[in-house]
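Single-letter residue listing:
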Amino acid sequence: MENTATHNGNGKKATSEINTTVEALKEKSQSLRGDLSEIKNLLSELFTEGADYAKEGGAEKLHLLQKKGMKKLSEIEHSMERHPIESILIGAGLGLVFGAYMFRK
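What counts and what doesn't
- Residue numbering note: each chain is counted from 1, following its sequence as written.
- The model is predicted, so local features are restricted to residues of pLDDT at least 70 and side-chain atom pairs to those at 80 or more, both for listing and for counting; the totals for chains, interfaces and linings are taken over all residues.
- Water and hydrogen atoms were dropped before computing side-chain values, which therefore reflect all heavy atoms in the structure.
- A pair is scored as a salt bridge if a Lys or Arg side-chain nitrogen falls within 4 Å of a carboxyl oxygen belonging to Asp or Glu.
- Here a strand is any run of E in DSSP of at least two residues, a helix any run of H or I of at least four, and the numbering for each starts at the N terminus.
- Think of it in three bands: residues with accessible area under 20% of the maximum for their type are buried, residues over 50% are exposed, and the middle band is partly exposed, with areas taken using a 1.4 Å probe on protein chains only.
- In what follows, residue pairs with any heavy atoms lying within 4.5 Å of each other are defined as contacts.
- Here a patch means residues that are over 30% exposed by relative accessible area and free of salt bridges, tied together within 9 Å if like-charged and within 5 Å if nonpolar (Val, Leu, Ile, Met, Phe, Trp, Tyr).
- Surface exposure here means Shrake-Rupley accessible area, sampled with a 1.4 Å probe, where a residue is shielded only by the protein chains that are shown.

J.: Provide a residue-level description of the pattern of salt bridges, including the pertinent values.
T.: It is possible for side chains bearing opposite charge to pair when their charged atoms get close. Summed over all chains, the structure comprises one salt bridge. Here Glu75 ties to Lys72 by a salt bridge, and the two come within 4.0 Å at their closest N and O atoms. Taken together, the positions of Glu75 and Lys72, both in helix 2 (residues 59-82) and three residues apart, correspond to about one turn of that helix. Classification of Lys72 by relative accessible area gives buried; the value is 15%.

J.: Give me the lowdown on the environment of Arg82, citing residues and values where you can.
T.: Tracing the backbone shows Arg82 in helix 2. Given a relative accessible area of 51%, Arg82 falls into the exposed group. Along the primary structure Arg82 and Lys28 are separated by 54 residues, whereas in three dimensions their C-alpha atoms are 9.7 Å apart.

J.: Quick one: what's the story with the side chain of His83, residue by residue and with numbers?
T.: You can see His83 is positioned in the loop between helix 2 and helix 3 (84-102). Aside from chain neighbours lying at most four places away, what touches His83 is Lys28, Ser31, Leu32 and Asp35.

J.: Quick rundown of a nonpolar patch on the surface? Include the residues and the values.
T.: A surface patch of nonpolar side chains, amounting to about 430 Å² of accessible area, comprises Tyr101, Met102 and Phe103. Relative to the helices and strands, Phe103 is located in the segment after helix 3. Assessed through its relative accessible area of 69%, Phe103 is described here as exposed.

J.: Go over the side chain of Glu86 with me, naming the residues and quoting the values.
T.: Positionally, Glu86 belongs in helix 3. In this structure Glu86 comes out as buried when scored by relative accessible area, which is 4%. Setting aside residues no more than four positions away along its own chain, Glu86 makes contact with Leu25, Lys28, Ser29 and Leu32.

Here it is in C-alpha cells:
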C-alpha cells in the first residue's frame, strides 16, 4: 500500500512539474510573439523605407538600408537564441501552415 501512495505522490509531483513547464512555455511563447511582432513591424518599416530609397535612388541610402537590415537580422537571431524552444515550435508551426497551404487541393 505504501508503494502505491509513494507512486501517486510522485505522479502528482510530475504532473505539477509538467504543468509548471507548460505555463513557463506559454509565457515565453507570448514573450516571443511580442518580439516577433516587433520584428515584423520593424521589417515592414524597413521595406517601406527601402521602397522609398529605391524611388529616390542613391548608393548611400542603399548602404544605410543594408546596415539596418543586418541589424534587424541580428535582432532576430538574438531573439531566437533567447527563446530556442519557442523558436523551434514557431518554426514547426509555420512549416505545418505552409505545408498545408502548399498541398491543399
